[in-house]
Amino acid sequence: RRMADHWGYAACRYDALLEGHERGARAADLTRLFADLRPAIVSVLGPAAERSRGIAEDALDGDYPIAAQQAFNREVAGAIGFDFNAGRIDTTTHPFCTGVGPRDCRLTTRYNERDFTQSFYGVLHEAGHGLYDQGLPHEHYGTPLGRDISMGIHESQSRLWENHVGRTRDFWEHWHGPACRHFAALKKFSPEHIARAVNRVAPSFI
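Structural notes, computed from the coordinates.

Calculation criteria
Residues numbered from 1 in each chain as written. Predicted model: local features only at pLDDT ≥ 70, side-chain atom pairs only at ≥ 80, totals over all residues. Heavy atoms only, no water. Salt bridge = Lys/Arg side-chain N within 4 Å of Asp/Glu carboxyl O. Buried < 20%, exposed > 50% of the residue type's maximum accessible area, 1.4 Å probe, protein only. Helix = DSSP H or I, 4+ residues; strand = E, 2+ residues; numbered from the N terminus. Pairing = 2+ DSSP bridges. Axes fitted to C-alpha atoms, helices over the stretch in contact; angles between N-to-C directions. Contact = heavy atoms within 4.5 Å.

## Section: the pattern of salt bridges
Right, on to step 1. Counted by the stated rule, this structure contains 12 salt bridges.
Right, on to step 2. Of the charged contacts in the structure, one is a salt bridge between D90 and R88, with a shortest N-O distance of 2.8 Å.
Right, on to step 3. Relative accessible area serves as the criterion here: at 25%, D90 is assigned to the partly exposed category.
Right, on to step 4. A residue is classified by how much of its surface remains accessible, and R88, at 42% relative accessible area, is partly exposed.
Right, on to step 5. Between R106 and D104 there is a salt bridge, with the nearest N and O atoms lying 2.5 Å from each other.
Right, on to step 6. Residue R106 is classed as partly exposed on the basis of its relative accessible area of 27%.
Right, on to step 7. Under the relative-accessibility criterion, D104 is labelled partly exposed at 23%.
Right, on to step 8. Each of R159, E162 and R167 takes part in a single network of salt bridges with overlapping partners.

Here it is, written out as structure tokens:
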């Protein structure tokens, strides 16, 4: 609140705080946007959950050693274009991406030895952020030309790779062989089975 008061705002304090992430956005605009989206999202939830009824939450549970997860994650991140000469993947409690400089982009993820998708989709999401950061013009680092347009655009890149690419059947058709090479536990699942499992929908507090 003190920060917002120092920065100044016209309608509400949150407008001042939004400016650092989504320049030009206003709380009133977002309230209208989410009000319009809510009925459509709610209408999709029921049918989506019904289609997922036969898919168990632990459908892909198995033995996924952390070293194998790290190798697979790195292979896929490199294949979609993440430059490991200018970045790396480390371990943390909650995945994030941060840049130390124009040639130093850090991705992080967490590991569950029973569920490889936690680390994998964490890396795929953060690699989307990393690709955006690595694609910014290095010669303009530290100026408006060398920074991201907005948090919304940044998030669109991460969600693109995580969901629109990484959860498709085509993706798992392509990566099924390499994934099974890293994880013997996946050999009993077809690409279609994996795609259905990673697209399981269930209501939650989130």
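## Side note on the environment of P191
Right, on to step 1. Among the structural elements, P191 can be located in helix α8 (residues 191–198).
Right, on to step 2. Judged by relative accessible area, which is 13%, P191 ranks as buried.
Right, on to step 3. Between the C-alpha atoms of P191 and W172, which are 19 residues apart in sequence, the distance is 5.1 Å.

## Comments concerning the sheet that holds strand β2 (residues 97–101)
Right, on to step 1. With mixed pairing, three strands are arranged side by side in an open sheet as β1-β3-β2. Among the strands making up the open sheet, the edge pair consists of β1 (87–91) and β2. Here the strands of the sheet are splayed against their neighbours by 25° on average, with no regard to which way each runs.
Right, on to step 2. Taken together, the four bridges between β2 and strand β3 (residues 104–109) define a ladder with antiparallel strand orientation. Bridging across to β3, T98 finds its partner in R106.
Right, on to step 3. With respect to the sheet, helix α5 (residues 116–135) is in contact with β1, β2 and β3, its orientation differing from that of β3 by roughly 160°.

The values are spatial; any link to function lies outside them.
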